[in-house]
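Architecture and fold: a report
The chain contents come next:
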Amino acid sequence: MNANSFTANTSLAWMTKKATIIVKIIGIIAKRYRKPKMKPIEHTNSPKIAKPRDMELPSPIGSGKAVDNSWKLLHFGILLMNHGIQKWSSFQELSTVFPDPLGIGSPLSLGLAIFGELVCSMAFIVGFLYRLAMIPMIFTMIVAFFVVHANDVFAVKELAFIYLVVFILMYIAGPGKFSIDHIIGNELSRRKSRAYKN
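Residues numbered from 1 in each chain as written. Predicted model: local features only at pLDDT ≥ 70, side-chain atom pairs only at ≥ 80, totals over all residues. Heavy atoms only, no water.

1. Describing the overall build of the protein chain
Looking only at helices and strands, one finds seven helices and zero strands in the protein chain. Evaluated residue by residue, the protein chain yields a buried proportion of 30% over its 198 residues. Carbon and sulfur atoms provide 66% of the accessible area of the protein chain, an area that totals close to 13,300 Å². (Helix = DSSP H or I, 4+ residues; strand = E, 2+ residues; numbered from the N terminus. Buried < 20%, exposed > 50% of the residue type's maximum accessible area, 1.4 Å probe, protein only. Areas by Shrake-Rupley, 256 points an atom, 1.4 Å probe, with all protein chains shown as cover.)

Have a look at this one:
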């Protein structure tokens, strides 16, 4: 097997693996937003109407498999954070040569990229201000794919495209059960409920 054949096979395996993960994410989102199932009404002398407690509501993260899928999603956040760490550790060297697609100067463009890839990734991983943190992450990938690598072949900008698709899907899916946003939301709901009862 020559070098070109090995490179092609490696690229194909990489694309297949990422495509499989994206399909799994779409499946998770589809299950999360499916309509709740209602038990059929029994035809007796006194018809029984399905009550809210009879409805089977799907749980976003309710099983070991769902938890395992959630950790797979966090994998992308950790990967993006690693890119941010690399840029931050080489700030001095990159600040003079970093692409400036927005015309605001290379140092500021690099700083914004580090913010989107490092700071926002950390907030995304722990689920704090989840969707707000994902906006700079998605924007960074949009700029990378459509502006910085606009004239490059797809193999060069493939990674930015995969990140972009995955992050958009994860933005739609939401933070899930094991997140700081979910914990804060539950606590606020309890306080609101207690205040309403009083």
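After that view, the rundown keeps rolling.
2. So, the packing of aromatic side chains
Under the defined criterion, the tally for this structure stands at seven aromatic pairs. Between Phe-145 and Phe-161, the ring centres sit 5.4 Å apart and the planes meet at 40°, which makes this aromatic pair tilted. Linking Phe-145 in helix H5 (residues 130-148) with Phe-161 in helix H6 (residues 154-173), this pair joins segments that are 16 residues apart in sequence. The buried category is assigned to Phe-145, whose relative accessible area is 11%. By relative accessible area, which is 34% here, Phe-161 ends up partly exposed. Between the aromatic rings of Tyr-163 and Phe-167, the centroid separation amounts to 5.6 Å while the plane-to-plane angle is 20°, which identifies the pairing as stacked. One end of the pair is Tyr-163 and the other is Phe-167, both in helix H6 and four residues apart, which spans about a single turn. Taking relative accessible area as the criterion, Tyr-163 reaches 5% and is therefore assigned buried. An aromatic cluster of at least three residues, connected via ring pairs, comprises Phe-124, Tyr-130, Tyr-163 and Phe-167. (Phe/Tyr/Trp six-rings, centres within 6.5 Å; stacked < 30°, edge-to-face > 60°.)

3. Points about the side chain of Ser-95
Mapped onto the elements, Ser-95 comes out in the loop between helix H3 (91-94) and helix H4 (106-126). Residue classification places Ser-95 among the buried residues on the basis of a relative accessible area of 12%. Among the polar contacts listed, one links the side chain of Ser-95 to the backbone oxygen of Gln-92, at a separation of 3.0 Å. Apart from residues no more than four positions distant in its own chain, Ser-95 is found in contact with Ser-106, Pro-107 and Leu-110. (Polar contact = N/O pair within 3.5 Å; in protein donor to acceptor, adjacent residues only side chain to side chain. Contact = heavy atoms within 4.5 Å.)

4. Structural notes on unusual backbone geometry
For Leu-129, which is not a glycine, the phi torsion comes out positive at approximately 50°. Structurally, Leu-129 is set in the loop between H4 and H5.

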